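If you want the building blocks of each chain, they are given just below.
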Amino acid sequence: MHRVLLVSEILQDIFAHVNTILDPLSYGEISLARKSLATLASTCRTFHEPAMDLLWADMHGIVPLLGCVTRLHPMIYHHAGRYTWYSEGINPLCEHEVRQFLRHAHRVRSLQIPFDNHFHLLSALPFKTFMFPKLLSLSMVLHPTGYLHLFLSPTLRRCFLPLIHPDLKLIATCSATLEDLIIKVPCQSTADELSLLSDSVRLCKRLVTLYCPPLDWAAWKHLSNLPTLLSMTICGEVLCPLDTDNFAPTRFLNITTLSFHVTTASYVIAVMRNSAFPSLKEFKMIARVLPWEDAEQLCHTLSQCTTCQTLQHIDILSRDQRVPEPSDSSSTPITQFLGFTQLRTLQLAFPHCCIRLDNHLLLNAMSSWPHLRSLKLEDPHLRSATITFCGLFTALRQSPHLHTLHILMDALNIDIDPRAESFQHTSLQTLDVRSSHIADREAVAHILFSMLPSVESVIYGSSGHHIRYAWKEVNRRLQSLKSSAVLGRGASAGC
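The paragraphs below set out a description of the structure included in this document. (Residues numbered from 1 in each chain as written. Predicted model: local features only at pLDDT ≥ 70, side-chain atom pairs only at ≥ 80, totals over all residues. Heavy atoms only, no water.)

### Considering empty space enclosed by the protein
Inference 1: Applying the stated rule across the entire model yields 1 cavity of 30 Å³ or more.
Inference 2: Of the volumes computed, that of the largest cavity is approximately 40 Å³.
Inference 3: Here the lining of the largest cavity is built from residues that sort into 5 nonpolar, 2 polar and no charged. (1 Å grid on protein atoms, 1.4 Å probe; cavity = no way out; pocket = protein on both sides within 12 Å on 5 of 7 lines; lining within 4 Å. Points joined across faces, edges and corners; volume = space filled by probe spheres on them. Nonpolar A, V, L, I, M, F, W, Y, C, P; charged D, E, K, R; others polar.)

### Quick word on the environment of Val238
Inference 1: In this structure, Val238 sits in the loop between β7 (231-235) and β8 (250-251).
Inference 2: The spatial distance from the C-alpha of Val238 to the C-alpha of Gln188 is 9.3 Å, given a sequence separation of 50 residues.
Inference 3: Aside from chain neighbours lying at most four places away, what touches Val238 is Pro214, Val262 and Tyr267. (Helix = DSSP H or I, 4+ residues; strand = E, 2+ residues; numbered from the N terminus. Contact = heavy atoms within 4.5 Å.)

### Some details on unusual backbone geometry
Inference 1: Residue Arg356 is not a glycine yet carries a positive backbone phi of 65 degrees.
Inference 2: Mapped onto the elements, Arg356 comes out in the loop between β13 (345-349) and α13 (359-368).
Inference 3: We note that Arg434 has phi near 60 degrees; this positive angle belongs to a residue other than glycine.
Inference 4: Judged by its relative accessible area of 27%, Arg434 is partly exposed. (Buried < 20%, exposed > 50% of the residue type's maximum accessible area, 1.4 Å probe, protein only.)

### Here we look at the layout of surface pockets
Inference 1: Considering only enclosed or pocket space, the second largest pocket measures out at about 460 Å³ in volume.
Inference 2: Asp379, Leu382, Leu408, Arg434 and Ser435 are the residues nearest the centre of the second largest pocket, which is lined by 22 residues in total.
Inference 3: Of the residues that constitute the lining of the second largest pocket, the class distribution is 9 nonpolar, 7 polar and 6 charged.

### Things to note about the packing of aromatic side chains
Inference 1: For the coordinates displayed, the defined rule picks out 11 aromatic pairs.
Inference 2: Considering the side-chain rings of Phe260 and Phe283, the 6.2 Å spacing of their centres and the 50 degrees angle between planes classify their relative orientation as tilted. One end of the pair, Phe260, is in strand β9 (residues 257-262); the other, Phe283, is in strand β11 (residues 282-287), and 23 residues separate them in sequence. For the pair shown, Phe260 and Phe283 are each scored as buried.
Inference 3: Connected via pairs of aromatic rings, a cluster forms that spans Trp220, Phe252, Phe260, Tyr267, Phe277 and Phe283.
Inference 4: Just above the ring of Tyr211 sits the side chain of Lys184; from NZ or CZ to the centre is 5.0 Å.
Inference 5: Here the basic side chain of Arg397 rests over the ring of Phe423, its NZ or CZ set 4.4 Å away from the ring centre. (Phe/Tyr/Trp six-rings, centres within 6.5 Å; stacked < 30°, edge-to-face > 60°. Lys NZ or Arg CZ within 6 Å of the ring centre and 35° of its normal.)

### Notes on the pairing of β13
Inference 1: Counting buried residues in β13 gives 4 out of 5 residues, a clear majority hidden from the surface.
Inference 2: One ladder, built from 5 bridges, connects strand β12 (residues 313-317) with β13; its direction is parallel. Across the sheet, residue His313 finds its bridge partner in β13, namely Thr345.
Inference 3: Here β13 runs beside strand β14 (residues 374-377); their pairing, made up of 4 bridges, is parallel. Bridge pairing in β14 places Gln347 opposite Lys376.
Inference 4: A crossover links β13 with its parallel partner β14, the connecting element being α13, and its sense is right-handed. (Pairing = 2+ DSSP bridges. Right-handed = clockwise from strand over helix to strand, strands pointing away.)

### Describing a nonpolar patch on the surface
Inference 1: Side chains of Val7, Ile10 and Ile14 sit close together on the surface and give an oily, nonpolar patch of about 200 Å² of accessible area.
Inference 2: With respect to the element layout, Val7 can be found in the segment before α1 (8-21). (Patch = residues over 30% accessible without salt bridge, like charges linked within 9 Å, V, L, I, M, F, W, Y side chains within 5 Å. Areas by Shrake-Rupley, 256 points an atom, 1.4 Å probe, with all protein chains shown as cover. Salt bridge = Lys/Arg side-chain N within 4 Å of Asp/Glu carboxyl O.)

### With respect to helix α8 (residues 191-201)
Inference 1: Where α8 is concerned, the buried positions are Leu194, Leu197, Ser198, Ser200 and Val201. Along the axis of α8, the buried residues cluster in a sector spanning 165 degrees; they form a single face.
Inference 2: Of the surrounding secondary structure, the elements contacted by the buried residues of α8 are α7 (168-174), β5 (180-183), β6 (209-212) and α9 (217-223). (Arc of directions from axis to C-beta.)

### Notes on the packing of α13 against helix α14 (residues 389-396)
Inference 1: Relative to each other, α13 and α14 sit at 10 degrees, their axes nearing to 8 Å. Taken together, the axes of α13 and α14 lie roughly parallel to each other. Of the two possible hands of crossing, α13 and α14 adopt the one that is right-handed. Facing Asn359, Leu362, Leu363 and Met366 of α13, the residues of α14 in contact are Gly391, Leu392, Thr394, Ala395 and Leu396.
Inference 2: The residue makeup of the contact of α13 with α14, split by class, is 6 nonpolar, 3 polar and no charged. (Axes fitted to C-alpha atoms, helices over the stretch in contact; angles between N-to-C directions. Parallel < 35°, antiparallel > 145°, perpendicular 65-115°, else oblique. Left-handed = near helix turned anticlockwise from the far one by under 90°.)

### Some remarks on the side chain of Thr388
Inference 1: Structurally, Thr388 can be placed in the loop between β14 and α14.
Inference 2: Residue Thr388 is classed as buried on the basis of its relative accessible area, which comes to 12%.
Inference 3: Setting aside chain neighbours within four positions, we find Thr388 in contact with Asn359, Met409, Asp410 and Asp415.

### Let's talk about the pattern of salt bridges
Inference 1: This structure, assessed with the given rule, holds 15 salt bridges.
Inference 2: With a closest N to O distance of 2.6 Å, Arg107 and Asp53 form a salt bridge. Of this pair, Arg107 sits in the loop between α6 (95-101) and β2 (110-113) while Asp53 sits in helix α3 (residues 45-57); the two residues are 54 residues apart in sequence, bridging distant segments of the chain.
Inference 3: For Glu378, the salt bridge identified is with Arg319, shortest N-O distance 3.9 Å.

Rendered as structure tokens:
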């Protein structure tokens, strides 16, 4: 054996590479990587421990561990290379079989539990048993009734659950080092479950990432005292509004990402009004319903937060088109964000988000956002385009880094002559004109070819056959112009 293989760090890197490049896995099949690591582990004593550590590090279910039990091994591996089996009617593990089952459990670092078909085999394990003492990541796709405690570990860093588990407090108390808690509930939670969630979150002391249904204000207050917390996502229906009468202002010093997936914006507005996020870089809200009054309040609240000098990404979305026309249209959401000088991406996709948008406002906005990379303005209620080609290119001069633009264009009135313009915006690559009407397809194609050389084709909406056909024709002519230009350069080089 070459002496370099006696260096444990080098050997671990080699085995990790084997585990990476030979990892393709189909359901029920033992991957080539696992077979290779098993072979390496049986080669010599030097290879055994590092190969076995990698072999057992990432587990998809507990069947491989059950395969270490002498009684169960022939049942599990009765088909070569497969361990798909059914354990109904099989007696639980006895004491010495538990030791066989746990033989390699201390090597497991990441565990995914896709189903609970075999949990009854573990019923003899003592309640306080930590089956996986060095487990770092636990992901459960189901509700492990009565067995969650067996999968907890004092070293656990990441936990994914499909619902608010009755033993949720146990996770926080058993896993003091927990950093990432993700609870993605597919259906509406009850008031008792949300109360349990908030109480459990208040027991977590080192959270870095939190994804969960709505919390009460006591939980928000606790989280504001965690210097480790960097990212929060609140997803679910708000059953009880936050008690605004008893709010004490909170300050989240280090949170950089804040997202909400909620029914209405009232919960979000309450949080943002009574909290400070001096390090916030990304804000996202998806609301099922967003009336104009709520949209105004939300945008105004964001503009008053202590995030103007840090916020780089804003996404506000709502697909409900039943929102009535605002009675007072003197304001527009875009103006509320002019103070965010560090803005990189802005996506507004809700009814009336583009109200009163015109060439002047677009120029003002682009001038305020010198670092802007992506701008998506998608107003389902906008019926007539107010941004002309002249207004667009005047604004683009202020955004040299912009690579993505979604905006409804006035492509009917051609107010620019590309032959008289020397300006080219070379960064813009993606142009979505939504459902913009068009008349002179040849002229539009020449404008895009001359002034937006990095745009290969225009993206357009799906409404109206004549609109789709017109923009399809623009793209065809644009490609023709680009092909001719390439041939022309080739002919010139040949000469």
